[in-house]
Amino acid sequence: MSTAPDDDVKEENIASPRLALLLAAAMFVLVVDTSLMNVSISAVIKDLHTTASGVQSAIALEALVSAAFILINSKMGDLMGRKRDYVIGLLAYAVGALAMTVAQSLTAIIIFWAIIGGLGASLLLPAMQSLIHGNFKGPAQKRAYALVGASAAIAAAVGPLLGGFLTTYLSWRVGFGLEVVVIFVVLSQIRLVKDVPYTGPRQIDFVGAVLSVVGMGGVVLGILVWQEGGGYVGLLISIGAAALAALAFWLVHRKRRGKPTLLDPDLFKHLNFRIGISQQTLQQITLGGAMIVLPLFLQMTLEYNAMQAGLSLAPLSLSMFGMAILAGRKSGKLRPAHLVMAGFGLSTVGMAAIIPLVPRVDSGWYLVIPLVITGAGLGLLVSQLNNFTLAPIAEERVSEAAGVNSAAGSFGLSFGLAMAGGIMLWALALSFTHLTETSTVIPPAQQQQISAELEHDAEVMSNTQLQQQIAGEPPAVEAEILAINTHARNRSLQVALLVPAIASLIGLGNSFRMLRLPDITPAADTEGVSFG
């Protein structure tokens with residue numbers, strides 16, 4: 001498959017609406033993919049005979065791989081060709097989606113969907129941005145960015161509903177099969193894409209690349225190992241933190257020597273950029289934490305099927321989409337900092353309101369108002385943070401800055417997924433063990449056995465699943481274990497929801513720093529530039 005500039009692509013076809021639609025279709029697949037997994041957790045667990053924590057780890061790992069490799073793969077695209085990167089990324093994503101249609105174990109999901117698919121995403125996002133910039137000019141470029149950005153927003157909004165419908169009435173595998181079909185259609189029209197030549201330095205900062213991967217990977221992998229009960233957790237997190245600190249030193253040192261860097265440390269001289277990156281990370285921690293805990297609550301506590309879970313999550317995704325569109329068009333003279341403050345304030349209130357409801361409700365209808373409030377807050381953040389972050393960046397550096405912005409967002413998402421999941425299982429094991437050891441119904445011998453098993457294999461489980469495992473126990477013991485599971489599971493979900501709530505609260509506090517900064521007119525047109 002040729003990746004050189006295509007001579008047969010006529011100038012008038014460079015701004016082809018069909019090409020914009022194909023790029024938008026690729027972005028739709030990229031965003032809807034994780035939604036399919038979130039609402040299909042119960043079905044995946046049942047079909048593959050695995051655990052909720054295992055599926056959650058795979059989801060977090062996919063986001064982590066995308067974040068850890070997005071910067072280096074952006075540089076690889078400069079050298080290999082953006083079109084070649086785009087094609088390889090699509091093929092890698094197709095491999096991951098195809099594997100999901102036939103996978104018979106969690107290991108296959110981790111290898112093909114989380115790792116290979118995550119690498120595909122890290123290739124696709126920067127390549128797609130460069131190809132839009134190089135294949136469209138003037139108003140057509142703005143329309144292409146807007147279309148691809150809208151595609152991502154629509155995928156986020158309808159993903160839970162689409163995934164729930166397919167999983168409930170067909171199979172969770174069907175959604176991933178449809179992703180393969182869409183990617184095949186996009187690749188069949190690859191001749192429409194004109195490659196974008198790169199004229200910058202040809203060197204790659206391999207040391208910086210390794211430090212960035214080890215840094216982000218060490219922190220999140222440490223949390224995932226913790227949640228799975230593994231060892232060396234502190235060592236992994238320490239290595240990750242040390243690598244990130246070393247990366248900052250290395251970039252400054254290499255910049256002073258006049259050598260190419262993985263990313264320009266001078267970007268962080270802009271206070272708007274630094275605060276914007278931190279707010280982007282906190283926004284994604286909020287979203288990641290919510291999107292792992294809420295599906296588990298709906299499917300494990302309320303025992304909803306995928307369609308019911310998707311419908312219950314719709315207020316969050318649809319209000320997020322609607323508010324992002326409305327705020328983007330109607331913000332008027334309101335300062336971005338005020339809108340960001342309102343966004344974090346709403347998401348804090350919404351997440352905090354859900355926490356006391358967890359043990360008290362028996363229907364997703366009780367969550368509608370808190371989810372709408374949370375979604376409206378996240379929608380305000382989506383509408384403002386990219387432009388605020390990239391406003392002080394000169395036009396020739398916007399693409400690089402947007403890559404850093406995307407990497408920060410993906411890292412925040414993976415961190416939120418991993419941290420919420422890890423804290424949830426820690427709280428579950430602690431609560432279950434305490435309640436079991438203090439029970440006056442469960443015999444002492446069984447108390448010790450249950451406590452030992454929970455210490456090594458904590459798992460979020462519905463009462464129906466647990467009842468199947470303890471069949472044969474005396475009725476009083478069975479009822480006691482189910483009651484303990486209900487209490488411990490709900491308590492662990494409440495504790496886990498503190499992750500997105502606290503992230504939003506920190507973002508709210510951080511927004512006061514934004515208020516003290518002057519508003520900056522963007523140095524370049526940043527509309528749609530950070531849709532990934």
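Our subject is the structure listed above.
Every chain's residues receive numbers from 1 upward, in the order its sequence appears when written. The predicted nature of this model means local features are confined to residues of pLDDT at least 70 and side-chain atom pairs, given and counted, to a pLDDT of 80 or more, with totals for whole chains, interfaces and linings taken over all residues. With hydrogens and water set aside, each side-chain value is computed from the structure's full complement of heavy atoms.

### Topic: the overall build of the chain
Counting its secondary structure elements, the chain contains 17 helices and 0 strands. Its C-alpha atoms give the chain a radius of gyration of 23 Å, near enough to 24 Å, the size a compact globule of 532 residues would have. Over its C-alpha atoms, taken along the principal directions, the chain stretches across nearly 75 × 50 × 45 Å. Type-normalised accessible area, obtained with a 1.4 Å probe on protein chains alone, sets the label of each residue: buried when under 20%, exposed when over 50%, and partly exposed for intermediate values. A burial count over the chain gives 57% of its 532 residues as buried. In this analysis, two residues are considered to be in contact whenever any of their non-hydrogen atoms come within 4.5 Å of each other. Long-range contacts, defined here as pairs at least 24 residues apart, represent 85% of the contacts in the chain between residues at least 6 apart. Every accessible area reported is derived by Shrake-Rupley at a probe size of 1.4 Å, with residue values counting cover from the shown protein chains alone. When the accessible area of the chain is evaluated, it comes to approximately 21900 Å², of which 65% is carbon and sulfur surface. Neither His nor the chain ends is counted toward charge; the positive residues are Lys and Arg and the negative residues Asp and Glu. Taken as the charge location is NZ of Lys, CZ of Arg, CG of Asp or CD of Glu. Across the chain, the 31 positively charged side chains and the 32 negatively charged ones have centroids separated by 13 Å. Only DSSP runs of H or I reaching four residues or more are called helices, and only runs of E reaching two or more are called strands; each is numbered from the N terminus. Taken over C-alpha atoms, the radius of gyration is set against a globule rule of 2.2 Å times the number of residues to the power 0.38.

### Considerations on the pattern of salt bridges
For salt bridges, the criterion is a side-chain nitrogen of Lys or Arg within 4 Å of an Asp or Glu carboxyl oxygen. Under the criterion given, the structure shown has 4 salt bridges. Across the pair R254 and D205 runs a salt bridge, and its minimum N-O distance is 3.8 Å. Remark: D205 occurs in the loop between α7 (172-188) and α8 (206-227) and R254 occurs in helix α9 (residues 233-256); sequence separation between them is 49 residues. No difference in accessibility class separates R254 from D205, as the two residues are buried. Here D264 ties to K255 by a salt bridge, and the two come within 3.4 Å at their closest N and O atoms. Judged by relative accessible area, D264 falls into the buried class, the value being 4%. Residue K255 is classed as partly exposed on the basis of its relative accessible area of 35%. Each member of the salt-bridge network shares a partner with another, and the members are K255, D264, D266 and K269.

### Observations regarding the packing of aromatic side chains
Between the rings of Phe, Tyr and Trp (Trp by its six-membered ring), a pair exists once the centres lie within 6.5 Å; its type follows the angle of the planes, with under 30 degrees stacked, over 60 edge-to-face, and the other angles tilted. Counted according to the given criterion, the structure contains 4 aromatic pairs. Between F268 and F273, the ring centres sit 5.3 Å apart and the planes meet at 75°, which makes this aromatic pair edge-to-face. Taking the centre distance of 6.2 Å and the plane angle of 35° together, the rings of F411 and F415 count as tilted. Pair noted here: F411 and F415 are both in helix α14 (residues 398-437), with a separation of 4 residues, about one helical turn. Judged by relative accessible area, F411 falls into the buried class, the value being 17%.

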